[in-house]
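Residues per chain are reported as follows:
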Amino acid sequence: MAPSTEAVYLHDASLRTLTTEIVSHKPVSSLSEDEKSLIKNADLEISAITMRQTILYPQGGGQPSDTGSISLIDKEPTFTVSLVRKTEDGRILHFGKSVGPDALFAEGQSVVQQVDGAKRDYHSRLHTGGHIVGLAMQLLFPEMKKVKANHFPKEACMEYEGLLYNEQKPLIQAKVNELVQQDLPVLISWVEDGSDLNGRGALREGPVRVASIGGLDQNPCGGTHVPTTSLTGPITIRKISRQKGISRVSYEVPLEV
Ligand SMILES: [Zn+2]
């Protein structure tokens, strides 16, 4: 069986460049059906690279994929990564196009990965903003159960069972502002047994990665974060909407801080 990819971003989200080795580089046409299903509308020039390790975040957990590039050591980038996806068996595929001559990297070749830093920073701030909105909701409405989180640009929201109204928006905004101003640390830990994170969907084998805002909450999470809450920049609660008994708290963070 093909080896899983070591997800370096889980342990150090600050890395923007990493030297590693090619495991495979294939045109999309020669991937398995499961692998092909990870990318929509791939044209003939798209190929997929797996490497021993990666610092590029694969789309998942409500957070969008990183983009970036791959190059030979001390050379200009020769491959532009447009989408990163993870397979069921833990391999991380980097989809994109070769720049210039259409040569595939060879197995075992040393390459340098680069993450598009500004985009990653924005995604990390948006994602951390979701945790902050979630903590504000937990403190204000502990009885409301979180059902969904989305940290995509322009769509970012947290969804809860139960009804919230626009009149509650200033209350949520004030609590969010307070948590941002307190500049609380975003703590990452690993727990051996996720089963005591009751009702938060962590009931799976192996160590579970847990994110916590200042030790005040616990959320199983594989995403990238900023180190402290003030680094998200001001969070705006955009609107509160309701559908079929589910309330959605939409939010945004500035594109740049
Ligand atoms: Zn997270």
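Residues numbered from 1 in each chain as written. Predicted model: local features only at pLDDT ≥ 70, side-chain atom pairs only at ≥ 80, totals over all residues. Heavy atoms only, no water.

Regarding the overall build of the protein chain
Okay, so step 1: The helix and strand tally for the protein chain stands at three helices and 15 strands.
Okay, so step 2: Expected size for 257 residues packed as a compact globule is a radius of gyration near 18 Å; at 20 Å, the protein chain falls within 12% of this value.
Okay, so step 3: Overall, the protein chain is about 60 × 40 × 35 Å in size when its C-alpha atoms are taken along their principal axes.
Okay, so step 4: When the 257 residues of the protein chain are sorted by exposure, 44% land in the buried category.
Okay, so step 5: Considering only intrachain contacts with a sequence separation of at least 6, the fraction spanning at least 24 residues in the protein chain is 68%.
Okay, so step 6: By element, 51% of the accessible surface of the protein chain is carried by carbon and sulfur atoms, the whole surface being about 13,200 Å².
Okay, so step 7: Taking the average location of the 27 positive side-chain charges in the protein chain and that of its 31 negative ones, the two points are 6 Å from each other. (Helix = DSSP H or I, 4+ residues; strand = E, 2+ residues; numbered from the N terminus. Rg over C-alpha atoms; globule rule 2.2 N^0.38 Å. Buried < 20%, exposed > 50% of the residue type's maximum accessible area, 1.4 Å probe, protein only. Contact = heavy atoms within 4.5 Å. Areas by Shrake-Rupley, 256 points an atom, 1.4 Å probe, with all protein chains shown as cover. Lys, Arg positive; Asp, Glu negative; His and termini not counted. Charge placed at Lys NZ, Arg CZ, Asp CG, Glu CD.)

Here we look at the coordination of the zinc ion
Okay, so step 1: With distances of 2.0 to 2.1 Å, the protein atoms coordinating the zinc ion are His127 (NE2), His131 (NE2), Cys221 (SG) and His225 (NE2).
Okay, so step 2: Of note is the zinc ion, whose four donor atoms meet at the metal with angles of 102 to 127 degrees in an arrangement that counts as tetrahedral.
Okay, so step 3: Spacing between the donor residues of the zinc ion along their common chain follows H-x3-H-x89-C-x3-H. In this pair, histidine 131 is assigned in helix 2 (residues 117-140) and histidine 225 in the loop between strand 13 (219-220) and strand 14 (236-243), connecting sequence segments 94 residues apart.
Okay, so step 4: Owing to a relative accessible area of 12%, histidine 225 belongs among the buried residues under this scheme. (Donors = N, O, S within 2.8 Å, 3.2 Å for Na, K, Ca; no water. Tetrahedral: all angles 85-135°; square planar, octahedral: opposite > 155°, others 65-115°.)

Structural notes on the UniProt feature "domain: Threonyl/alanyl tRNA synthetase SAD" (unreviewed entry) in the protein chain
Okay, so step 1: Mapped onto this numbering, the UniProt entry annotates "domain: Threonyl/alanyl tRNA synthetase SAD" (unreviewed entry) at residues 208-250.
Okay, so step 2: Taken end to end, residues 208-250 comprises 0% helix and 49% strand; its first and last C-alpha atoms sit 27 Å apart. (UniProt positions renumbered as here; feature names shortened; annotations may be inferred.)

With respect to helix 3 (residues 169-181)
Side chains of residues three or four places apart in an α-helix project in the same direction, reflecting 3.6 residues per turn.
Okay, so step 1: The end-to-end C-alpha separation of helix 3 is 18 Å, in line with the 18 Å expected for 13 residues at 1.5 Å each.
Okay, so step 2: Taken as a whole, helix 3 has its buried residues at Ile172, Gln173, Val176, Leu179 and Val180. Considered in projection along helix 3, the buried side chains sweep an arc of 125 degrees and stay on one side of the axis. Of the residues in helix 3, the exposed ones pointing more than 90 degrees away from the buried face are Pro170 and Gln181.
Okay, so step 3: Along its buried surface, helix 3 packs onto helix 2 and strand 14.
Okay, so step 4: One or two positions beyond helix 3, positive phi appears at aspartate 183, with a value near 50 degrees. (Expected span 1.5 Å × (residues − 1). Arc of directions from axis to C-beta.)

Overview of the environment of lysine 97
Okay, so step 1: Topologically, lysine 97 is positioned in strand 7 (residues 92-98).
Okay, so step 2: Accessibility expressed as a relative area gives 30% for lysine 97, which makes it partly exposed.
Okay, so step 3: Separated by 52 residues in the primary sequence, lysine 97 and glutamate 45 have C-alpha atoms spaced 6.0 Å apart.
Okay, so step 4: Residues contacting lysine 97, with those up to four places away along its chain left out, are Asp43, Glu45, Ile46, Thr78, Phe79 and Thr80.
Okay, so step 5: Of the polar contacts made by the side chain of lysine 97, one reaches the side chain of aspartate 43; its length is 3.1 Å. (Polar contact = N/O pair within 3.5 Å; in protein donor to acceptor, adjacent residues only side chain to side chain.)

Details of helix 2
Okay, so step 1: The terminal C-alpha atoms of helix 2 lie 34 Å apart, and with 24 residues this matches the ideal 34 Å at 1.5 Å per residue to within 8%.
Okay, so step 2: Of all 24 residues in helix 2, 17 are buried, a share of seventy percent or more.

Considering the environment of glycine 214
Okay, so step 1: As for its placement among the helices and strands, glycine 214 is situated in the loop between strand 12 (208-213) and strand 13.
Okay, so step 2: You can call glycine 214 partly exposed: its relative accessible area is 30%.
Okay, so step 3: It is 9.6 Å that separates the C-alpha atoms of glycine 214 and glutamine 182, two residues lying 32 residues apart in sequence.
Okay, so step 4: Excluding residues within four positions of it along the chain, glycine 214 makes contact with Leu184, Pro185 and Leu187.

Some words on the pattern of salt bridges
Okay, so step 1: Counted under the stated rule, the structure contains 10 salt bridges.
Okay, so step 2: In this structure, glutamate 35 engages arginine 91 in a salt bridge whose closest nitrogen and oxygen atoms are separated by 2.8 Å. Here glutamate 35 is found in helix 1 (residues 33-36), whereas its partner arginine 91 is found in the loop between strand 6 (79-86) and strand 7, with 56 residues between them in sequence. Across the pair, exposure class does not vary: glutamate 35 and arginine 91 are buried alike.
Okay, so step 3: The partner of aspartate 43 in a salt bridge is lysine 97, with the nearest N and O atoms 3.1 Å apart. Taken as a pair, aspartate 43 in the loop between helix 1 and strand 3 (46-51) and lysine 97 in strand 7 lie far apart in primary sequence, 54 residues in all.
Okay, so step 4: When salt bridges that share partners are traced, they join Glu35, Asp89 and Arg91 into one network. (Salt bridge = Lys/Arg side-chain N within 4 Å of Asp/Glu carboxyl O.)

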